[in-house]
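Results of the structural survey
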Amino acid sequence: MSIWTLTYEGYDPASERLREALCTVGNGYLATRGAAPESSAGEYHYPGTYLAGYFNRLDTEIHGRDVSNESMVNMPNWLPLAFRIGEDGPWFDLDSGEWEILEYVQELDLRKGVLSRRVRVRDDTGRTTAIAQRRFVSMGHRHLAGLETTVHAEDWSGTLEFRSAIDGTVANTGVERYLDLDSVHLEPREAGHDGELSWLAVETNQSRLRVAEAVRLRVFGDEGQPLEPAFAYETSPGHVECTFAVEVAEDELVSVEKIAAIFGSHDKAISEPLAEARAHAARARSFDDLLVFQSLTWSQLWRRFETSVDPDGDDRVGMVLNLHIFHVLQTISHNSIDLDVGVPARGLHGEAYRGHIFWDEIFVFPLINYRLPALTRALLSYRYRRLNEARRLARDEGHAGALYPWQSGSNGAEETQTYHLNPLSGEWKPDNSHLQRHVNIAVAYNVWSYYEVTGDEEFLAYRGAEMLIEIARFWASIATYNKVTDRYDILGVMGPDEYHDGYPDAEEPGLDNNAYTNVMAAWTFCRAQEALDALRPYRREELWERLSLGREELESWDELSRKLAVPFHHDGVISQFEGYEELEEFDWEDYRARYGDIQRLDRILHAEGDTPNRYKVSKQADVLMLFYLLSDEALAELFARLGYECTSETIHATIDYYLARTSHGSTLSGLVHSWVIARRDRGRSWELFVEALESDVSDVQGGTTAEGIHLGAMAGTVDLLQRAYTGLNAREGVLWFDPALPDPVRGLTMTIRYHGMWLGVEITRERLVVTSDAADSGVCQIGVRDTLHDYEPGQTLEVRLG
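Read on for a plain summary of the structure. (Residues numbered from 1 in each chain as written. Predicted model: local features only at pLDDT ≥ 70, side-chain atom pairs only at ≥ 80, totals over all residues. Heavy atoms only, no water.)

A separate point is empty space enclosed by the protein. All chains considered together, the criterion is met by four cavities of 30 Å³ or more. One number sums up the size of the largest cavity: a volume of about 160 Å³. Lining the largest cavity are 16 residues, with Ser 71, Asn 172, Tyr 178, Asp 182 and Arg 354 positioned closest to its centre. Breaking the lining of the largest cavity down by element, the ones donating at least two residues are strand E5 (55–62) and strand E6 (65–72). It is E6 that provides the largest number of residues to the lining of the largest cavity, a total of three residues. Class assignment for the residues of the lining of the largest cavity results in five nonpolar, eight polar and three charged. (1 Å grid on protein atoms, 1.4 Å probe; cavity = no way out; pocket = protein on both sides within 12 Å on 5 of 7 lines; lining within 4 Å. Points joined across faces, edges and corners; volume = space filled by probe spheres on them. Helix = DSSP H or I, 4+ residues; strand = E, 2+ residues; numbered from the N terminus. Nonpolar A, V, L, I, M, F, W, Y, C, P; charged D, E, K, R; others polar.)

Here we take up the packing of helix H10 (residues 515–534) against helix H16 (residues 632–641). Interhelical geometry of H10 versus H16 gives an angle of 90° and a closest axis separation of 10 Å. The orientation of H10 relative to H16 falls into the category roughly perpendicular. Here H10 contributes Val 519, Ala 522, Trp 523 and Cys 526 to the contact with H16, which in turn contributes Leu 635, Leu 638, Phe 639 and Arg 641. Of the residues in the contact of H10 with H16, the class split is seven nonpolar, no polar and one charged. (Axes fitted to C-alpha atoms, helices over the stretch in contact; angles between N-to-C directions. Parallel < 35°, antiparallel > 145°, perpendicular 65-115°, else oblique. Contact = heavy atoms within 4.5 Å.)

Taken as a whole, this structure holds 59 salt bridges when the rule is applied. For Arg 473, the salt bridge is made with Glu 553, and the minimal N-O distance between the two is 2.6 Å. A residue pair is termed long-range when its members are at least 10 positions apart, and Arg 473 in helix H9 (residues 457–478) and Glu 553 in helix H12 (residues 551–563) qualify at 80 residues. Here Arg 473 falls in the buried class, since its relative accessible area comes to 12%. One salt bridge in this structure joins Arg 661 and Glu 585, with 2.9 Å as the shortest N-O distance. Highlighted residues: Arg 661 in the loop between helix H17 (648–659) and helix H18 (667–676) and Glu 585 in the loop between H12 and helix H13 (588–595), separated in sequence by 76 residues. With relative accessibility at 15%, the residue Arg 661 sits in the buried group. Each of Arg 391, Glu 466, Glu 470, Arg 473, Arg 546 and Glu 553 takes part in one network of salt bridges that share partners. (Salt bridge = Lys/Arg side-chain N within 4 Å of Asp/Glu carboxyl O. Buried < 20%, exposed > 50% of the residue type's maximum accessible area, 1.4 Å probe, protein only.)

As structure tokens, then:
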């Protein structure tokens with residue numbers, strides 16, 4: 001097995017949608033699922049092309065309810081290409097039953113960003129044909145994509161007819177549970193052709209975004225000589241199709257090169273999308289020339305992002321790790337830096353979650369911070385541009401400051417549904433997930449983490465500090481004083497667990513004093529004050545004036561950071577929320593025996609007329625997120641500030657307690673659990689890490705990956721290697737390392753960027769080596785376990801590890 005190739009051998013219709021998601025090719029601006037060019041949306045296939053940040057809203061009346069959804073739009077399909085032998089032969093379609101499959105291999109080249117397919121088939125007359133295809137979405141020219149199809153007439157001669165199209169009659173039908181909702185987002189605007197060029201322009205029917213695609217077709221013979229077949233075009237609303245025929249002799253090859261250019265209304269430095277698409281398609285270089293630049297651009301990205309791990313004899317770990325990095329970069333890359341986009345939880349790989357932005361970026365940004373920090377800054381700017389909308393949402397809820405939505409799309413409004421359909425029971429249930437106010441924690445944590453890694457004072461001064469201040473204001477306004485306990489409570493929220501959205505039999509949703517929320521709210525108060533202190537005096541004064549800050553307000557933050565309530569069990573375990581200890585224990589063995597897979601325990605219980613609110617069960621890490629985000633030392637300091645003790649015994653007991661009560665109904669769950677036991681149980685941590693690696697590539701949730709990959713889990717597994725096993729932590733102006741490699745891992749190498757300096761990091765069980773280029777600039781301090789080292793560019797720091 002190559003660590004640089006995802007390979008599928010044999011054609012399996014039932015697995016096609018999963019393969020299409022995992023074989024998506026993209027560049028951070030657009031992505032195209034790995035659907036076969038001859039396929040169309042149906043039971044086995046779902047072609048999809050998505051542009052980052054292109055949303056449209058549709059309203060549907062369903063089961064007596066008005067449902068409004070803003071969705072990332074499935075754009076016109078530029079791929080369609082099929083062939084047939086003779087004028088009366090069947091069009092090539094592996095699902096038709098008219099072609100005997102002799103060989104089928106599909107490979108995704110992770111190093112170069114190229115998807116290839118090799119197929120040999122025999123028709124009902126005994127003619128054998130081989131098809132070889134290569135496809136890419138250009139990482140170097142973000143508006144371009146290419147498809148090359150080579151047909152080999154192995155043992156026959158005759159007429160080979162091709163059919164190519166741009167199909168804008170597509171809809172958003174890639175998620176079965178959304179099928180009852182209106183799904184047609186595009187209106188046709190213009191279709192045309194001129195020689196080897198054809199084009200199509202469409203417009204979204206609510207957001208009025210125009211998107212144009214232009215395709216250039218070129219045909220080559222057996223020796224690569226250009227052919228000039230007669231192109232016959234047909235156009236209809238939302239569709240343009242080209243057919244042409246060539247004569248082939250036995251054992252000859254014919255290649256068709258299809259170069260697509262895609263532009264939209266959001267693009268900068270353009271005149272008009274259709275004019276740009278036509279011009280770029282016409283003047284694009286050949287497929288092979290574009291592929292050379294594709295390889296170069298990807299090689300440069302891999303220099304930044306490659307994280308080489310040396311597990312004992314297990315190449316699959318390396319392959320899946322590279323696959324995860326690859327798909328992160330398909331969704332967000334240097335091409336995203338000047339776009340107004342966030343981090344879609346399911347990538348640009350499908351329509352699950354409608355392309356919305358959740359809290360998952362808290363698992364993505366730590367990887368990007370150390371590899372391409374300019375990208376993190378751009379993605380944080382997506383949040384900053386929607387700060388006023390977050391202020392409005394807080395105000396509408398009766399609070400001060402800013403409240404970021406649980407689900408965000410085009411303008412930062414709350415896109416979370418108030419009801420959702422349980423596919424197991426067919427019932428509509430209230431959806432209270434908008435009460436997950438902890439999305440504010442994710443935004444604040446991401447702002448501060450970026451600043452710690454980069455030292456970007458300008459970002460903190462002109463964007464980051466303002467976000468931190470407004471988030472702190474929200475937490476201050478939502479906290480209520482409890483005279484009995486002389487502490488402050490945060491009431492009526494949900495934590496990351498998601499199974500619990502209220503108390504058993506309670507009329508109103510929400511939980512009180514979720515430990516993760518309260519502790520991290522206290523953390524936010526501290527960071528907001530620290531951010532203000534870090535600003536230069538003139539900018540601090542500007543913010544004080546502009547935001548009407550007062551000394552009393554900062555004093556209240558200080559008090560809240562010391563007196564927020566944190567609930568504990570009687571035995572000292574941190575309670576997930578107030579009252580958790582009084583819930584019923586759950587019969588895990590019985591439900592596993594009855595249902596097998598109980599990852600989505602919430603749906604199972606609701607279908608039985610029950611609710612997880614009654615039980616000590618968790619979908620994913622909740623309290624344990626504290627140990628994921630903060631070091632033991634930082635937590636102990638924060639708990640001490642709050643007037644509580646948080647010892648190593650407290651941490652270990654809390655981890656053990658919730659590990660035994662989690663169903664892992666989220667792909668993020670195993671990742672977090674692997675992280676929090678990385679120091680204490682390296683063997684089990686590695687097992688959970690390997691399981692987390694398999695989440696998408698093995699579709700452990702049974703069908704969800706086909707609707708879009710889980711970007712947080714993919715980035716998080718890479719970051720687990722980057723930070724958890726290395727002890728990497730940027731804190732208070734020092735870059736700390738405390739390596740603890742799992743036993744199966746002999747070594748780890750990576751390149752990271754810290755405060756403007758590129759550092760090569762090599763860790764084995766015996767030593768840590770940090771190197772840099774003498775031409776680099778900057779000076780920093782590097783801490784290894786308890787020892788500080790002054791570090792300058794060009795220096796080799798080698799520390800032996802006990």
